[in-house]
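Descriptive analysis of the structure
So the chains spell out like this:
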Amino acid sequence: MKAIIAATILGIVMMFAGLQMKNKSSVVTLAIVLAFLLLGVNIWDLVATPATAPVGYFNNMLRIDRYALWFSTLMTGVTVLYTLLVGKEIQKVGVHVAEYFALIFFILCGVYILSCYNNMLMLFLGIEILSIPQYILAGSDKKNLKSSEASLKYFLMGAFSTGILLMGITLLYGATGSFNIVAYSFLQSDALNPLALGGVIFVMIALGFKVSAAPMHMWTPDVYDGSPTPFTAYMATVVKASAFFAFIRLFQVSFGSISSQWTVVLSVITAATLLIGNLTAVFQQSVKRMLSYSSIAQAGFMLFAVLAVNAVAWQGIIIYAVAYSIATIGIFTVLMKLKDYTYDGFNGLAKKEPLLAFVTTIFLFSLAGIPLTGGFMAKYYVIQAVMVQNQFLWLVIFGLLMAAISVYYYFRVIIAMYFKEGNAELHAPVTQGEKVLLVITCGLVILIGIFPQLLLSWI
Amino acid sequence: MTQLVYLIPLFPLIGFLINGLGWRTIPKTAAGIIGSLAILASFVVSVGIFFEVNSPSFHGPVLVHLFDFIQTGKLYIPFTFQVDALSTLFLLIITGVGFLIHVYSTSYMHHDEGMVKYFAFLNLFVFSMLLLVLGANYLVMFIGWEGVGLCSYLLIGFWFKNRDYTNAAKKAFVMNRIGDLGFLVGMMMILFNYGTLSYGEFFGKLGTVPGALGENTYNWIAVCLFIGAIGKSAQIPLYTWLPDAMAGPTPVSALIHAATMVTAGIYMIARSSVLYNLAPFTLHIVAIIGLATAIFAATVAIKQYDIKKVLAYSTVSQLGFMFLALGVGAYTTAVFHVMTHAFFKALLFLGSGSVIHAMGGEQDIRLMGGLGKKMRITQITFLIGCLAISGIPGFSGFFSKDEILAATYAHDPILYYMALAAAMMTAFYMFRLYFLTFTGKFRGTHDQEHHLHESPSAMTIPLIVLAILSVVGGYVGLPAVISEHHALASYLSPVVSNAGEHHMAAGTEWLLMGLSSGLSVVMIIYAFTANKVPSFVPNTGLAKLLENKWYVDEIYDAVIVRPLAALSGLLDKFVEKSGIDGIVNGVGKGVRYGSDRIRMLQTGQVGFYIFVMVLGIVALFAITFFGVKL
Amino acid sequence: MPILPLHYMFLSLTLFCIGIMGVLIRRNAIIIFMCVELMLNAVNLLMVAFSKMYVDAGAQVFVFFIMVVAAAEVAVGLAVIVMMYRKVHSVDVNILNRLKH
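Given the structure is predicted, the values throughout are model-derived calculations rather than measurements. (Residues numbered from 1 in each chain as written. Chains lettered and ligands numbered in written order. Predicted model: local features only at pLDDT ≥ 70, side-chain atom pairs only at ≥ 80, totals over all residues.)

**Considering the overall build of chain C**
Note the threshold: For helices the rule is a DSSP run of H or I covering at least 4 residues; for strands it is a run of E covering at least 2, with both sets numbered from the N terminus onward. With C-beta atoms placed from the backbone, the exposure class of a residue follows from how many other C-beta atoms lie within 10 Å of its own: 20 or more, buried; 12 or fewer, exposed; in between, partly exposed.
The helix and strand tally for chain C stands at three helices and zero strands. Counting from the amino terminus, helix and strand elements in chain C follow one another as α-α-α. Here chain C holds 101 residues, and 34% of them are scored as buried.

**Remarks on the overall build of chain B**
We apply this condition: Here the contact rule is simple: place C-beta atoms from the backbone, and any two residues whose C-beta atoms are within 7 Å are in contact.
In terms of regular secondary structure, chain B is built from 25 helices and two strands. Long-range pairs, those at least 24 residues apart, make up 80% of the contacts in chain B with a sequence separation of at least 6.

**Remarks on the interface of chain A and chain B**
What counts is decided by this rule: Here the nonpolar group is Ala, Val, Leu, Ile, Met, Phe, Trp, Tyr, Cys and Pro; Asp, Glu, Lys and Arg are the charged ones; every other residue, Gly included, is treated as polar.
On the chain B side, the residues contacting the 42 residues of chain A number 44 residues. Elements with a minimum of two residues in the side of chain A that touches chain B: helix 6 (145-176), helix 7 (194-210), helix 8 (219-226), helix 10 (259-282), helix 12 (311-337), helix 15 (374-388) and helix 16 (393-419) of chain A. Of the residues in the side of chain A that touches chain B, the class split is 34 nonpolar, six polar and two charged.

**Topic: the environment of G110 of chain A**
Residues and elements named next belong to chain A. Considering the arrangement of structural elements, one finds G110 in helix 4 (residues 97-116). With 25 C-beta atoms counted inside 10 Å, the residue G110 sits in the buried group. Between the C-alpha atoms of G110 and V239, which are 129 residues apart in sequence, the distance is 9.0 Å. Setting aside residues up to four positions removed in sequence, G110 forms contacts with G126, I129 and L130.

**A closer look at the packing of helix 4 (residues 115-134) of chain B against helix 5 (residues 138-156) of chain B**
Residues and elements named next belong to chain B. Selection criterion: What counts as an axis is a line fitted to C-alpha atoms, over the stretch in contact for a helix, and the angles between N-to-C directions run from 0 to 180 degrees. Convention used here: angles under 35 degrees read as roughly parallel, angles over 145 as roughly antiparallel, angles from 65 to 115 as roughly perpendicular, and any remaining angle as oblique. Two helices crossing with the near one rotated counterclockwise from the far one by less than a right angle form a left-handed crossing, whereas a clockwise rotation gives a right-handed crossing.
For the pair helix 4 and helix 5, the least separation of the axes is 7 Å and the interaxial angle reads 155°. Between helix 4 and helix 5, the angle falls in the class roughly antiparallel. Of the two possible hands of crossing, helix 4 and helix 5 adopt the one that is left-handed. Between helix 4, through F121, L124, F125, S128, M129, L131 and L132, and helix 5, the contact on the second element is made entirely by V140, M141, I143, G144, W145, G147, V148, C151, L154 and L155. Per-class residue counts for the contact of helix 4 with helix 5 are 14 nonpolar, three polar and no charged.

**Side note on helix 1 (residues 7-21) of chain B**
All names here are of chain B. Our working rule: To estimate the expected span of a helix, subtract one from its residue number and multiply by 1.5 Å.
The end-to-end C-alpha distance of helix 1, which contains 15 residues, comes to 21 Å, matching closely the 21 Å that a straight helix rising 1.5 Å per residue would cover. Turning to helix 1, its buried residues number three or more, namely I8, P9, F11, P12, G15, F16, I18 and N19. Check the buried side of helix 1 and you find it contacts helix 2 (28-54), helix 3 (85-108) and helix 4.

**A word on unusual backbone geometry**
With an omega of 0°, the peptide bond running from A214 of chain A to P215 of chain A counts as cis. Tracing the sequence through the fold places P215 of chain A in the loop between helix 7 and helix 8. At N59 of chain A, a position not held by glycine, the phi torsion is positive, near 55°. A count of 9 C-beta atoms within 10 Å places N59 of chain A in the exposed class. Despite not being glycine, V55 of chain C has its phi angle at roughly 50°, a positive value. Summarising the element assignment, V55 of chain C is placed in the loop between helix 2 (29-54) and helix 3 (58-88). Taking the number of C-beta atoms within 10 Å as the measure of exposure, V55 of chain C has 7 and is therefore exposed.

**Focus on the confidence of the model for chain B**
When pLDDT drops low, the exact placement of atoms in the prediction is not to be read closely. Residue and element names in this part refer to chain B. Operational definition: Confidence scores here are pLDDT values: one per residue, from the predictor, ranging 0 to 100.
Looking at chain B, the pLDDT average stands at 82 and 90% of residues meet or exceed 70. Here helix 23 (residues 540-548) is the element of chain B with the lowest mean pLDDT, 37, and helix 11 (residues 264-271) is the one with the highest, 92. Confidence drops under a pLDDT of 50 for residues 534-556, and excluding neighbours within four residues, the segment shows 16 contacts in the predicted structure.

**Quick word on the environment of N94 of chain C**
Within the secondary structure, N94 of chain C sits in the segment after helix 3. Given 13 C-beta atoms within a 10 Å radius, N94 of chain C is considered partly exposed. Separated by 68 residues in sequence, N94 of chain C and R26 of chain C place their C-alpha atoms 9.8 Å apart. Sequence-distant contacts of N94 of chain C, defined by excluding residues within four places in its chain, comprise Q605 and G607 of chain B together with R27 of chain C.

**Remarks on helix 10 (residues 250-259) of chain B**
All names here are of chain B. Most of helix 10 sits inside the fold, with 10 of its 10 residues counted as buried. Those residues of helix 10 that sit buried are T250, P251, V252, S253, A254, L255, I256, H257, A258 and A259. Along its buried surface, helix 10 packs onto helix 3, helix 4, helix 5, helix 9 (241-244), helix 14 (307-327) and helix 15 (331-358).

**A closer look at the packing of helix 5 of chain B against helix 6 (residues 163-194) of chain B**
Residues and elements named next belong to chain B. It is the contact of helix 5 with helix 6, at a shortest axis distance of 8 Å, that shows an interaxial angle of 175°. As far as their axial angle goes, helix 6 and helix 5 are roughly antiparallel. Contacts between helix 5 and helix 6 involve Y138, F142, W145, E146, G149, S152, Y153 and I156 on the former and, on the latter, Y165, A168, A169, A172, F173, N176, D180, F183, M187 and I190. Per-class residue counts for the contact of helix 5 with helix 6 are 13 nonpolar, three polar and two charged.

**Overview of the environment of L488 of chain B**
Residue and element names in this part refer to chain B. The residue L488 is located in helix 21 (residues 487-492) in this model. Put simply, L488 and A85 are 403 residues apart on the chain and 9.7 Å apart in space, counted from C-alpha to C-alpha. Those residues within four positions of L488 in sequence are excluded, and the remaining contacts are T332, F336, V476 and G477.

Structure, rendered in structure tokens:
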């Protein structure tokens, strides 16, 4: 709860700082300091809250338990890493640097609410707090028509999905007379009100939209491609991960008892997401666009965790969220250094900046799920979760096939960097500090790959 | 001593880190010394462990727990090493042969600018390989499995400026990934049915805990693991990467693509022998695929002109023999052949490296000849390698190959005759290689002739050591008719032993031995005459006899060699180039085509996007309300 | 004839579907946005009807939240549309196709 308040206040502080501070780089420094502060508040929350008893707020509309606290802390940690790595690039997007950071803090507020909501109202508010700042961030590069287009597309489709979400919530309310997510867990599979089932499907579709699951994924490539790259990096990682956390929270706590009713549909969605994400990524020429398709593909794997209603799935989603976010932020950081976002832009990077090429390779390994990187462990946990469930073996095999395809487009980048002749042009030379940060990020990816237990030790 | 086992992979890891992090600053010589010393240290520890494991007071496998790897709910996978007779034997092979090849590389790679990187990769490879054999559960094995695949990829494409080489590297990686998929699914099925990946627990539960699919569970798991082995150990239909993998530096071919990595599949199956004994159907498949590969690769090898390609196909063929041994239940024998093969094939590859070195990079044997005069040590050691692989009595290959043939005969005489044919072809193509390279007149350019020289001692000493090992390595497993005591089998017996020990009459066994070695000698002599080059080999008596019977040669040529050669060429051209390669490329094309089509769905129109979403909603509702229910 | 909750449901589902059709058919960004608002209002209507049915004020509070959030969305959305209009002098969504494939 302290974190929610702190995120809001720090967001407002950031906005006022924008009025006072004229120097862009000092704004960035302030944002980094505030992000660390927020991380501190989160850790304080984590330490101060007893491990056994969850705390309820607002008439139990928020229910802060261990998973919620730990997830919020991890996402704040990722955000700190993000501000450190990408802060400099945000300066280049436009003039209102402080506002961008303020919006990121507001998004974090949404992340916190989504990690601990216990009531559909809070789910709705959390989703909106998460989304509305993104519409603005997507269009923040005002000179660029693509950015505006991305913003408008995202906004129109996002508003549409809000309508779907609300319809789902209303139908669930009509069937049960309550907004409390625990109340839904008393639904019985054999005597299920069609209203409730309709509500579940609507909510699934709306949340599927937020996590870019097929066939609600169509916005993703365009929005990720059109948005300014620093914000794409944030949308594709923290925002998506927390939408997933909300997804799994609702579907495990509330709809776990009627899982036989919706797992078939979700398995179809998962298969479609994996297929479309991986297959379409193969043909892309721009690495940025490839990464947005790859984020759809990764969402397909994260859906495995939602599909498996058990404890391993929770652990899987946490590991996946962190491993995927760190690797993706890392690779976007490298991408932003380059002038040319196509595959050819990476040609010969290994010769020019061997360290940059090396860390990119590790990040790509992680995304492809090569062992000893975090991505492998993440995939392992979510697949394990489904295997324990003793269903959907076909989906697991399909997922592994698709992972094999993903190797193709991830390795194209590696091949371009190491085996092709070329002169990868950079915007500016990479500073020593950035290199150290990238190496630390890379170390984190490998650390998660070897000791995934570290991420679960606080639950 | 066994508790120190973690040191064995640690040394190569340190070597990798030093060379890998300092690849710009470390001088070449230092990198070679660091890399070699790391492996030597591992070898010393391995020898110490070997003596402890071999002592009578050693009981059962020792598990060395390093840390907890995965702990979720009921699932618990520790990162544990298992020290027992099987893993220790592989430790010795990997670190011993690995050390010799490192020493060899210090000289062979000395002119290459990427030498430091090379040693870093090589140490990383040894590290991964050690993880593979040391792991006490399938997951640790899988990590090593992927690690060696990665190193193989990096080293095949080591000279990355050549496009063909990087393509070869990609091919190897993709083929291996296909196999890995099988391994992964097999692992999942083990986990799903038995809730564990540890060897001890899994084998303990086998036979007592029924799987979800009843009796078929064993076969399914065994087949999936075998698919992994097919990829890694280059069997039909996934073998094509191995000949292409010869694009890497020659010592890499010796270490990775002959002596160690490609035998990982054999190790895995020998390790899982308890499972395979329960899956007779799968064993049958293993035997058939092994035999088919052995014959097929041997026929192709006959028509190859690249010195390394001949050796590569010969490796594929020998791996086929090992799988044949596994398939007939002779696990110990397969491991025995892994060991002897590691010695003589490493020797042959290093010898060919020495030749290529002297020829200034030329690999075509048609342009060699008469090298023996200038490179006596290489020639003699290469000859020993050829004798060993051909199964001439007294050399190591004889003992292990003969054991395979005997076990096959006991299993099914028809398989035996086919295996015998493959063994004969082995003798033929190896000596064809030998005669064309080392005897006769030099057929290269004048410059090359002038340049010919014996390699420096850093290269010849490993050759000599390996040659000695190729001779004496077989005496740990004497045939039953000679000695009752089979040292290797009794050493390995706590871990694996041959299933259904068939005791043949002594007469039969003598006969089989005589038949195979006699035929090998005939093939060697035939190779000598067929290649029409004068030779200093003293035993011309038999050869003269053949020369006098010219028409036999002609008939041989018309009846056996020409059709064989034609078949070999045909197989090379159609089955390999268009058939198997075609399928692999076809899948790739299919994916790209599908990608291009699906991509067009992304029209850029918001209205269309929402339309698709609404269609999706309708479809999902239809599935929910009218579709299948679980 | 008494008006039952079922009638409200049909009414609001009809409104909701009209909203969806509007979003699908129209090309003007502002009209599309108004159709989305129509969907939201269909939801509001249904909420209130259910609230009456269960005699529970919770849903009515929810409706207020929907209105507030919708207002916030309007603020952002109209700004985005205006920004777009300034550049291309049109609010037709069909000309938005620089990002595709």
